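If you want the building blocks of each chain, they are given just below.
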Amino acid sequence: MTIHLPDTSGRLRAYEPRREPLALTSGTPFTSRTVFSAAHVVADPYADVSPDSPAAVDWDATLAFRRHLWSHGLGVAEAMDTAQRGMGLDWAGAAELIRRSAAEAKAVGGRIACGVGTDQLAAGSLEEIRKAYEEQLAVVEEAGAQAILMASRALAAEAKGPEEYLEIYGHLLRQAAEPVVLHWLGPMFDPALEGYWGSSDLDAATDVFLEVIAAHPDKVDGVKISLLDAQREIDLRRRLPQGVRCYTGDDFNYPELIAGDEQGFSHALLGIFDPLGPLAAEAVRVLDNGDVKGFRELLDPTVELSRHLFQAPTRFYKTGVVFLAWLAGHQEHFTMVGGLQSARSLPHFAKAYELADGLGLFPNPELAEARMKTLLSLYGVAQ
């Protein structure tokens, strides 16, 4: 059996789908790396909402996907960018997601960390931004989850220079009950974050970021770097205080960063580990046994898919993530919060399907093929 897939020129080409998935099973907890998957939310396809309405979430399917990730030993990074935070999921929806997922994590023994931001504000004074952060931090801590201090669009717009970042983050770290993860999200993921840490010069911004950490090393579990620049991440992690982890958020270069070098390595907090969950877990267990070569042999072939999903405009990578979850059978529809299923083209979906199928990511290749053909038919592509 073959399926005819469109390319960017509008031509159709025959592709023969894989018949057997990659054999992957759940396993023991990781010992060499701490690994989080930033998980997507599943929209409720029956809700009568518009893209401007508050998100309608299918809570059963959303929590089932988190149990899937936990079953493979992955931690869940909740209410992050992958969950369409600030792109369809408002703070009220994120707060409910945090509470529900944290309760589920406690029930099944899964690890969870949750995003703390200021998205209840469109804009505000430094005092209002601080209070917004505090409100969200309280929700995460009351839920019993670890906090991830995310970058704030409001702070990026309001801050006049590094001093405001040092003030806000210093205040939050002093009052955090437990060590947090600091998240530096680059403008390729969110253009509103240009110039974060008080400068568009990344060297200067890095110095401010490290100054925040150096002032409160006991309150920083780690940092998540999402700049898609492997060498910059390596340079930064070598400058971190002893005991502060680097969690890579580089969806272009993650295998080499997690594998590390003679001077250290990165842990992981990645959106691509949503569709790669079981395969990523298998690779990390191989790494736990000291087999760097085997780890790279498993994970390196996935980079082409990741770079495809995260291609510019990078902020729309979530569409490909949810698309693959639908093909893999983790949800019964391809509908997204805010109508974001329309954010990528048919050739983009076709390439994502082919790459994921080639990796053996679909537990049921026949189901994935049938669903891909359904999508093609909706676009008028006859088979």
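Anything mentioned here points back to the structure above.
These numbers come from a predicted model, not from an experiment. (Residues numbered from 1 in each chain as written. Predicted model: local features only at pLDDT ≥ 70, side-chain atom pairs only at ≥ 80, totals over all residues. Heavy atoms only, no water.)

## Description of the overall build of the protein chain
Stage number 1. Counting its secondary structure elements, the protein chain contains 14 helices and ten strands.
Stage number 2. A compact globule built from 383 residues would reach a C-alpha radius of gyration of about 21 Å, and the protein chain, at 20 Å, matches this within 12%.
Stage number 3. The principal-axis extents of the C-alpha atoms in the protein chain amount to approximately 60 × 50 × 45 Å.
Stage number 4. Here the contacts in the protein chain between residues at least 6 apart in sequence split such that 70% fall between residues at least 24 apart.
Stage number 5. Of the roughly 15,300 Å² of accessible surface on the protein chain, a fraction of 50% belongs to carbon and sulfur atoms.
Stage number 6. Both charge centroids of the protein chain, one from 34 positive and one from 53 negative side chains, sit 2 Å from each other. (Helix = DSSP H or I, 4+ residues; strand = E, 2+ residues; numbered from the N terminus. Rg over C-alpha atoms; globule rule 2.2 N^0.38 Å. Contact = heavy atoms within 4.5 Å. Areas by Shrake-Rupley, 256 points an atom, 1.4 Å probe, with all protein chains shown as cover. Lys, Arg positive; Asp, Glu negative; His and termini not counted. Charge placed at Lys NZ, Arg CZ, Asp CG, Glu CD.)

## Quick word on the layout of surface pockets
Stage number 1. Counted as a void, the largest pocket has a volume near 400 Å³.
Stage number 2. Contributing to the lining of the largest pocket are 26 residues, with Arg85, Gly86, Asp119, Arg153 and Asp190 lying nearest its centre.
Stage number 3. The set of elements that each furnish at least two residues to the lining of the largest pocket consists of helix 4 (153-158) and strand 7 (180-185).
Stage number 4. Class assignment for the residues of the lining of the largest pocket results in 13 nonpolar, seven polar and six charged. (1 Å grid on protein atoms, 1.4 Å probe; cavity = no way out; pocket = protein on both sides within 12 Å on 5 of 7 lines; lining within 4 Å. Points joined across faces, edges and corners; volume = space filled by probe spheres on them. Nonpolar A, V, L, I, M, F, W, Y, C, P; charged D, E, K, R; others polar.)

## Section: the nonpolar core
When a protein is soluble and globular, its nonpolar side chains tend to lie buried together.
Stage number 1. Counting residues in hydrophobic clusters, the biggest one holds 118 residues, and the most contacted among them are Leu182, Tyr196, Phe273 and Phe323.
Stage number 2. Looking at this core, the element that brings in the most residues is helix 13 (residues 346-359), giving eight residues.
Stage number 3. The contacts of Tyr196, once residues within four sequence positions are left out, are Tyr133, Met150, Ala151, Ser152, Leu155, Ala156, Tyr165, Tyr169, Trp184 and Ala205.
Stage number 4. If you look at the next biggest cluster of nonpolar residues, it comprises ten residues, including Ala77, Met80, Val181 and Tyr247. (Core = buried A, V, L, I, M, F, W, Y, C linked by side-chain atoms within 4.5 Å. Buried < 20%, exposed > 50% of the residue type's maximum accessible area, 1.4 Å probe, protein only.)

## A word on empty space enclosed by the protein
Any empty space left between the atoms is revealed when a probe the size of a water molecule rolls over them.
Stage number 1. For the coordinates displayed, the defined rule picks out one cavity of 30 Å³ or more.
Stage number 2. A volume near 100 Å³ is recorded for the largest cavity.
Stage number 3. Taken together, 16 residues make up the lining of the largest cavity; nearest its centre are Asp81, Thr82, Lys224, Gly271 and Tyr317.
Stage number 4. For the lining of the largest cavity, the secondary structure elements donating two or more residues are strand 7, strand 8 (220-226) and strand 10 (267-270).
Stage number 5. Residues belonging to the lining of the largest cavity are distributed by class as follows: eight nonpolar, five polar and three charged.

Everything listed here is a matter of geometry and, on its own, says nothing about what the molecule does.
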